[in-house]
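Spelled out from the first residue to the last, the chains are:
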Amino acid sequence: MDKSKRSFRRRLPPIQSGDRIDYRNMSLISRFISEQGKILSRRVNRLTLKQQRLITIAIKRARILSLLPFLNNQKQFERGESIARTRGLRTK
């Protein structure tokens, strides 16, 4: 198949023109954070450089104001619980 005849589906941009990138817009910000609480990269998000910078700043502001957690504590809690169990078995 010739390169010029190849058809592909153009992906929709993750941020629409009407969306305002702000630390209070939690529905928008939460799309760019992984399950572990990490900020996803530009390649994964399909954002422009300017959009990625604004998203990063908004996420950091939301974390400082306690609107977002710095880490997903659920996974950390589960790991800490399993360590406590193994330590308890060793001491007995």
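About the cut-offs
Residues numbered from 1 in each chain as written. Predicted model: local features only at pLDDT ≥ 70, side-chain atom pairs only at ≥ 80, totals over all residues. Heavy atoms only, no water. Salt bridge = Lys/Arg side-chain N within 4 Å of Asp/Glu carboxyl O. Helix = DSSP H or I, 4+ residues; strand = E, 2+ residues; numbered from the N terminus. Buried < 20%, exposed > 50% of the residue type's maximum accessible area, 1.4 Å probe, protein only. Core = buried A, V, L, I, M, F, W, Y, C linked by side-chain atoms within 4.5 Å. Contact = heavy atoms within 4.5 Å. Expected span 1.5 Å × (residues − 1). Arc of directions from axis to C-beta.

A.B. asks: I tried to follow the pattern of salt bridges on my own but got confused; where do I start?
C.D. replies: Two side chains of opposite charge can pair, provided their charged atoms sit close to one another. Taken as a whole and judged by the stated rule, the model has two salt bridges. Notably, a salt bridge pairs Asp19 with Arg31, separated by 3.9 Å at the nearest N-O pair. Pair noted here: Asp19 is in the segment before helix H1 (26-29) and Arg31 is in the loop between H1 and helix H2 (42-45), with a separation of twelve residues, a long-range link. Given the relative accessible area of 32%, Asp19 is considered partly exposed.

A.B. asks: When you look at the nonpolar core in this model, what are you seeing that I'm missing?
C.D. replies: Considering soluble globular proteins, one finds that nonpolar side chains tend to be buried as a cluster. Judged by nonpolar contacts, Ile15, Leu28, Ile29, Phe32, Ile33, Leu47, Ile55, Ala58, Ile59, Ala62 and Leu68 together constitute the single largest core of eleven residues. When contributions to this core are tallied by element, the ones reaching two or more residues are H1 and helix H3 (49-64). In terms of residues, this core owes the most to one element, H3, which gives four residues. Among all residues touching Ala58, those that are not within four sequence positions of it are Ile21, Asp22, Tyr23 and Ile29.

A.B. asks: Would you take a moment to explain H3 for this structure?
C.D. replies: Quick reminder: α-helices carry 3.6 residues per turn. Residues three or four places apart thus point the same way. Taking 1.5 Å per residue as the helical rise, H3 with its 16 residues ought to reach 22 Å, and the 23 Å between its terminal C-alpha atoms agrees with that figure. Residues of H3 that are buried include every one of Gln52, Ile55, Thr56, Ala58, Ile59, Ala62 and Arg63, and no others. All buried residues of H3 project into a common sector of 165° when viewed along the axis, lining one side. In H3, the exposed positions that point more than 90 degrees away from the buried face belong to Lys50, Arg53 and Ile64. At its buried positions, H3 is contacted by H1 and H2. Phi for Ser66, located one or two positions after H3, is positive at around 65°.

A.B. asks: It is not clear to me how unusual backbone geometry should be interpreted in this structure. Could you clarify?
C.D. replies: Glycine aside, a negative phi is what most residues show, and trans is what most peptide bonds show. At Arg46, a position not held by glycine, the phi torsion is positive, near 60°. As for its position among the elements, Arg46 is in the loop between H2 and H3. Among the residues examined, Arg46 registers a relative accessible area of 39% and is labelled partly exposed. Located in the positive-phi region is Ser66, a residue other than glycine, with phi close to 65°. As for its placement among the helices and strands, Ser66 is situated in the loop between H3 and helix H4 (73-91).

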